[in-house]
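Each chain, letter by letter, is given below.
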Amino acid sequence: SHPMSSNTYIFGIRHHGQGSAKRLRKALHELAPDCILIEAPQDAEKMLNYAAHPDMTPPLAMLIYQPTDFKQVSYYPFAAFSPEWLAIQYGLSKDIPIRFMDLPMSMQYGIQQLDKDPLEELLRSQPQTAKRIIRDPLGYMARLAGYKDSERWWDVLFEQEEEQDIFGSILEMMQALRSGVGRMESAETLRREAFMRKTLRKAQKEGFERNAVVCGAW
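Each value, and the rule that gives it
- Residues numbered from 1 in each chain as written.
- Predicted model: local features only at pLDDT ≥ 70, side-chain atom pairs only at ≥ 80, totals over all residues.
- Heavy atoms only, no water.
- Helix = DSSP H or I, 4+ residues; strand = E, 2+ residues; numbered from the N terminus.
- Buried < 20%, exposed > 50% of the residue type's maximum accessible area, 1.4 Å probe, protein only.
- Contact = heavy atoms within 4.5 Å.
- Core = buried A, V, L, I, M, F, W, Y, C linked by side-chain atoms within 4.5 Å.

### Brief notes about the overall build of the protein chain
Here is step 1 of the chain: When helices and strands are counted, the protein chain shows 10 helices and seven strands.
Here is step 2 of the chain: Across the 218 residues of the protein chain, 46% fall into the buried class.
Here is step 3 of the chain: Counted over contacts in the protein chain with a minimum sequence separation of 6, partners at least 24 positions apart contribute 73%.

### Some points on the nonpolar core
Here is step 1 of the chain: Core analysis: the biggest nonpolar cluster contains 43 residues, and Phe11 and Phe100 have the highest contact counts within it.
Here is step 2 of the chain: Take this core: its biggest share by element is six residues, from helix α9 (residues 166–180).
Here is step 3 of the chain: Among all residues touching Phe100, those that are not within four sequence positions of it are Ile38, Ala40, Pro41, Gln42, Ala44, Glu45, Met47, Leu48, Met62, Ile88 and Thr199.
Here is step 4 of the chain: Grouped together as the second largest cluster of nonpolar side chains are 11 residues, Ile10, Met196, Ala203 and Cys215 included.

### Some points on unusual backbone geometry
Here is step 1 of the chain: Cis rather than trans, the peptide bond between Pro58 and Pro59 has omega equal to 10°.
Here is step 2 of the chain: By the element assignment, Pro59 lies in the loop between α2 (47–51) and β4 (60–66).
Here is step 3 of the chain: Residues other than glycine seldom take positive phi values, yet His16 does so here, at roughly 65°.
Here is step 4 of the chain: Summarising the element assignment, His16 is placed in the loop between β2 (8–13) and α1 (18–31).
Here is step 5 of the chain: For His16, a relative accessible area of 31% translates into the label partly exposed.
Here is step 6 of the chain: The phi torsion at Ala32 lies on the positive side, around 50°, for a residue other than glycine.
Here is step 7 of the chain: Counting through the fold element by element, Ala32 comes out in the loop between α1 and β3 (35–41).

Here it is as C-alpha cells:
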C-alpha cells in the first residue's frame, strides 16, 4: 500500500465492504503494523474492552448518545465483514495498540448545535461540474464510467477487482479528486480530518514504526 509518510499506511475502505475486508485482512498480515488507527469517535475507545469478549459476535452496533439530549444519538453498526471490525479483531489478537482517531462525539454534538456550514455559500460561485463533483464525487466518477449507481460502480471496480495494490489505487484516485476541486469540504469534514491528523501525529511521536490507518476511502 502507498504510504502517506515513511511509517504510515492508508487503507481506504468502503464501510461494510466485503471485498475491502478481505483485502484489508491480507494487507494487515503483510504489513504487520505495530499500531492501528480506525475512523471511529475517540471517546468510544472504551468499547474495545467489550470487543474482546468472546460473546461479542456481530452483527452488533455501538451506540453513542448525549446524556442531556437523547435526540443526539449515533449508531455504528458492525458486521462480521466490516473492515473496521476486522481491524479491531486483528489488533486484539496480536496485542497491538488500537486507536479510535475520529473527532469525539461529545465535541461533534456540541458543534452541531452551533454550526453554520459555509460550503453551500461557496458552491454558488463554482461551475456546475465542480458543484457536481463536490456534492457527490463518487457519483460523478461512476457516471463518467457509465454507471448510474455509485455503489455498483464501487463494487465492480474495488470490491471485486483482484488487483493486489488496490489501496494504493484508491488513495491516488481520492487525492486527484480532492485536489481537482480545491479540497472544498464541509466544515464538519475538515474538523474531523484535522483531529485524525492530530491523533496520527501523536502515534508517530510515540515511536510506532508501522501505523495502519483504516478509514472511509474519501
